[in-house]
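Structural characterization, general
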Amino acid sequence: MSKKNNMGQTKRSTDDLINDAISQQNDWLENRREYTRGFLKKLNLFARPSSNKTETKTNTEPTPEQKKKNKLKSYWFPITCALIVIFIAVWVAFIRTPQPSRVVIVPTIPEPVIQPVRKLTVPEFDIVRIDKHGKIIIAGYWLPHQNISILANNKIIATERTDHRGEFVYTTKDAWAPGNYTIALLGTEPEVKSSERVFLYVSEHGVANSVSLLMTRDGSTLLQAPAILKDGDLSVSKIDYLDTGRIVVTGDALPRLRVSLALNGEYMGFARASDHKHFGLGADVGELESGREYELTVRLHDGDGRTVATIMHKFTMPEMTGDDDTYYTVRRGDCLWIIARNFLRRGVLFSVIAERNNISNPDLIHPKQKLQIPVAGK
């Protein structure tokens, strides 16, 4: 019996625990419902006024002022939002400083420059130079895709082909021996020779003393000037003073370059050295006083007129001997016309020199030939 009673008691106590739990849960749910109802009523109050609640509180109609207040209370939220939006728009449009926009600058690509083809009637030179190894570099222009021959001292040394622009470049395989060269161009189709010539002097002292001159009808242009002059590139071999008041200076210089003369700083004239490096320069200096010291200056100039070498010679004028003649030794490249111009002021007086020296052919004189020059007084 005792066992049965205990089993019943245990069963009843379990049911009580379950019932208590269900009761507590129902109470908790009821509290949540009440809380939710109160929260929803508050939200409804903000949204719009409750007519039922107003009717329960009073049976009288609201006054116009109350209606106006109720409308403001009902629409305060959208009005506030509208004001905020307006404020933000005004701030963005007028108050906020706009950030500078980044501008990407795309560099402009220049149009390709198309060089026009040179329209030539004769071949032309561009450069003629001697490189540091003594080789000759020659460049120029002729008709596009045509052959062009290079002549040195009237002999063809090479034939090149021009490109689509009519340009060509030629370089010798070996260095040229010291000496003088005259370079010309010969184009084909049609065959025509250049009107320009290039005089090239390859110095025995090296590239720094070599000269390249472009010779045209209008004169000469220096293509390559001597950088450093060695001893012997400018020298004076003889100075003659005639009783006619004329001084004649002879010597050697770089070919085709200009040699000028000055006496006591006063410019007296110039002459050009021949292809064989010789020059003779005569000038009227007036009567020089015996026993007085004079300074004679001989200068060598490049194609741009710059002085590249200078010789200064100081001398005391001796007593004149009164001789009617002087003597001159012919050098390679000389002619009677130049000799007469230097000594007798006028080249047309070459016949006087030829007659004095019994020269039947004035066009034929020989190097080292000694000539007697009649230089009688005025």
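All of the points below concern the structure found in this document. For every chain, the first residue of its written sequence is number 1, and the numbers climb from 1 along that sequence. Only residues with pLDDT of 70 or above have their local features reported here, since the model is predicted, and side-chain atom pairs are shown and tallied only from 80 upward, although totals for entire chains, interfaces and linings are computed over all residues. Values reported for side chains reflect all heavy atoms of the structure, with hydrogen atoms and water molecules removed beforehand.

**Considerations on the overall build of the chain**
Our working definition: Only DSSP runs of H or I covering at least 4 residues are called helices, and only runs of E covering at least 2 are called strands; the numbering of each starts at the N terminus. Summary of the burial criterion: residues with accessible area below 20% of their type's maximum are buried, those above 50% are exposed, and those between are partly exposed, where the area comes from a 1.4 Å probe applied to protein chains only. Only heavy atoms enter the contact rule, under which two residues are in contact if any of them lie within 4.5 Å.
Helix and strand counts for the chain come out as six helices and 19 strands. Among the 378 residues that make up the chain, the fraction classed as buried is 31%. Taking contacts inside the chain between residues at least 6 apart in sequence as the whole, the part at least 24 apart equals 54%.

**Thoughts on the pattern of salt bridges**
Inclusion rule: In what follows, salt bridge is the name for a side-chain nitrogen of Lys or Arg lying within 4 Å of a carboxyl oxygen of Asp or Glu.
A full pass over the atoms with the stated rule returns six salt bridges. Notably, a salt bridge pairs aspartate 240 with lysine 238, separated by 3.6 Å at the nearest N-O pair. On the basis of relative accessible area, aspartate 240 is assigned to the buried category, the value being 9%. The closest approach of N and O atoms between aspartate 284 and arginine 345, which form a salt bridge, is 2.8 Å. One end of the pair, aspartate 284, is in strand E15 (residues 278-284); the other, arginine 345, is in the loop between helix H5 (336-344) and helix H6 (350-356), and 61 residues separate them in sequence. Within the structure, one salt-bridge network assembled from shared partners comprises Arg246, Asp284 and Arg345.

**A look at the packing of aromatic side chains**
Aromatic rings in a pair are described by how distant their centres are and how their planes are angled relative to each other. Short version of the rule: Under the pairing criterion, centres of Phe, Tyr and Trp rings, with the six-membered ring standing for Trp, must be within 6.5 Å; the plane angle then separates stacked pairs below 30 degrees from edge-to-face pairs above 60, leaving the rest tilted.
Per the stated rule, a full pass over the model turns up two aromatic pairs. The interplanar angle of 50 degrees and the centroid separation of 4.7 Å between the aromatic rings of tryptophan 176 and tyrosine 181 together place this pair among those described as tilted. The same class applies to tryptophan 176 as to tyrosine 181, namely buried. Summarising the aromatic geometry, the rings of tyrosine 328 and phenylalanine 343 are spaced 5.7 Å apart at their centres and angled 65 degrees between planes, so their arrangement reads as edge-to-face. Note that tyrosine 328 is positioned in strand E18 (residues 325-329) and phenylalanine 343 in helix H5, a separation of 15 residues in sequence.

**Notes on the nonpolar core**
How we decide: To define a nonpolar core, start from buried Ala, Val, Leu, Ile, Met, Phe, Trp, Tyr and Cys residues and group those joined through side-chain atoms within 4.5 Å.
One finds Leu261, Phe279, Leu288 and Leu300 to be the most contacted residues of the largest nonpolar core, which totals 29 residues. In terms of residue count, the dominant contributor to this core is strand E16 (residues 293-301) (four residues). With 23 residues, the next largest nonpolar core counts Val128, Ile138, Trp176 and Leu200 among its residues.

**Thoughts on the pairing of strand E6 (residues 179-187)**
What counts, and what does not: By definition, two strands form a pair when at least two bridges between them are found by DSSP.
Relative to E6, strand E3 (residues 147-152) runs antiparallel, the two being bridged by five bridges. By the bridge assignment for E6, isoleucine 150 is matched with leucine 185. As paired strands, E6 and strand E8 (residues 197-202) are joined by five bridges and run antiparallel to one another. Counted as the bridge partner of isoleucine 183 is valine 198 from E8. Direction of pairing for E6 relative to strand E7 (residues 192-193): antiparallel, over a ladder of two bridges. Bridge pairing links leucine 186 to lysine 193 in E7.

**Notes on the pairing of strand E13 (residues 258-263)**
Burial runs high along E13: five of the six residues are buried. When E13 meets strand E14 (residues 266-272), the two strands line up antiparallel, connected through six bridges. Its bridge partner being in E14, valine 259 is matched across the sheet by alanine 271. Between E13 and the antiparallel strand that follows it, E14, lie two residues; asparagine 264 among them carries a positive phi value of about 55 degrees. Bridge count for E13 against E16 is six bridges, and the pairing is antiparallel. Residue pairing for E16: leucine 261 is matched across the bridge by valine 298.

**A closer look at the sheet that holds strand E1 (residues 124-130)**
Spelled out, the test is: For helices, the fitted axis covers only the stretch in contact; all axes are lines through C-alpha atoms, and the angles between them, taken along N-to-C directions, range from 0 to 180 degrees.
Strand order in the open sheet formed by three strands is E1-E2-E5, with antiparallel pairing between adjacent strands. One side of each edge strand has no neighbouring strand; the edge strands of this open sheet are E1 and strand E5 (167-171). Between one strand axis and the next, the sheet turns through 10 degrees on average, direction left out of account. Direction of pairing for strand E2 (residues 136-141) relative to E5: antiparallel, over a ladder of five bridges. Paired with tyrosine 141 across the strands is glutamate 167, a residue of E5.

**Quick word on unusual backbone geometry**
Residue histidine 145 is not a glycine yet carries a positive backbone phi of 55 degrees. Within the secondary structure layout, histidine 145 lies in the loop between E2 and E3. Look at asparagine 153: it is not a glycine, yet its phi comes out positive at around 55 degrees.

**Concerning the sheet that holds strand E11 (residues 234-241)**
In spatial order, the strands read E11-E12-E15; together these three strands make up an open sheet with antiparallel pairing. Only two strands of the sheet have a single partner each, and these edge strands are E11 and E15. Each adjacent strand pair in this sheet contributes to an overall mean axis angle of 20 degrees, direction not counted. Where strand E12 (residues 246-253) and E15 come together, seven bridges link them in antiparallel fashion. What sits directly across from glycine 251, in E15, is phenylalanine 279. Sitting on the sheet, H5 touches E11, E12 and E15, and the angle it makes with E12 is about 135 degrees.

**Observations concerning the environment of leucine 151**
For leucine 151, the position within the fold is in strand E3. Classification of leucine 151 as buried rests on a relative accessible area of 8%. Along the sequence, leucine 151 and leucine 185 sit 34 residues apart, while their C-alpha atoms lie 6.0 Å from each other. Contact partners of leucine 151, with chain neighbours within four places excluded, come to Ile156, Thr182, Ile183, Ala184, Leu185, Leu186 and Lys193.

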